[in-house]
Amino acid sequence: MPAIVGKADSYVELPWMAFAAGAAFAAFVIADALRPHWTLSYTALLHATVILSAGGASVLLVIFAPPYARLFLRPSQVDIEVRQYVYLLGTYLIGYPLAKFRLQHMPWYVKAAADLKSKGTATIGGFTVTSGSSGGSGSSWSSSGSSFSGGGGSSGGAGASGSW
């Protein structure tokens, strides 16, 4: 099933991997190429600063240059994340319509739909559901004093707002 997605996961470990690689590379360069024959009082501080700066620069490259970040991404991990995303998308595209089809014939659903259409509010399992008052497709529900508003309202957006 083809789908275009921005990113299947956030991959929070990539900056850490890039830091380790950058710091290790800088340490190798300092230890091998620069190999000073004498040490001064600030040599250790200078080397530590260079090593940590190289690691930090590598982290910034991972954050701002996605091609560089992909160097640290294992192909097996990409396959797993994409497969999970596809399974969830398929479950939603198939499961949601099936659940809606099954539920629309349940007595409590029919009663709630009729109450919502006639009164503008319905109670389902302790939750109060109200239809949008702006004439759009918005709806909201509340339980025990908390409220949640979802749907589009007159703007047609799919965002959610309210106090929890």
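Residues numbered from 1 in each chain as written. Predicted model: local features only at pLDDT ≥ 70, side-chain atom pairs only at ≥ 80, totals over all residues. Heavy atoms only, no water.

A. Layout of the packing of aromatic side chains. One pass over the full model with this rule turns up three aromatic pairs. Judged by centre distance (5.5 Å) and plane angle (20°), the rings of Y92 and Y96 are stacked. Note that Y92 and Y96 are positioned in helix α4 (residues 75-103) at a spacing of four residues, about one turn of the helix. Residue Y92 is classed as exposed on the basis of its relative accessible area of 51%. A centroid spacing of 6.1 Å and a plane angle of 80° characterise the contact between W108 and Y109, whose relative ring orientation is edge-to-face. Overall, the relative accessible area of 42% leaves W108 in the partly exposed class. (Phe/Tyr/Trp six-rings, centres within 6.5 Å; stacked < 30°, edge-to-face > 60°. Helix = DSSP H or I, 4+ residues; strand = E, 2+ residues; numbered from the N terminus. Buried < 20%, exposed > 50% of the residue type's maximum accessible area, 1.4 Å probe, protein only.)

B. Main features of helix α5 (residues 107-118). The end-to-end C-alpha separation of α5 is 16 Å, in line with the 16 Å expected for 12 residues at 1.5 Å each. Among the residues trailing α5, G120 stands out with phi positive, at a value near 90°. (Expected span 1.5 Å × (residues − 1).)

C. Summary view of the pairing of strand β1 (residues 121-124). When β1 meets strand β2 (residues 127-131), the two strands line up antiparallel, connected through four bridges. Within β2, the residue paired with I124 across the bridge is F127. Counted between consecutive antiparallel strands, the loop separating β1 from β2 contains two residues, among which G125 sits at a positive phi close to 60°. (Pairing = 2+ DSSP bridges.)

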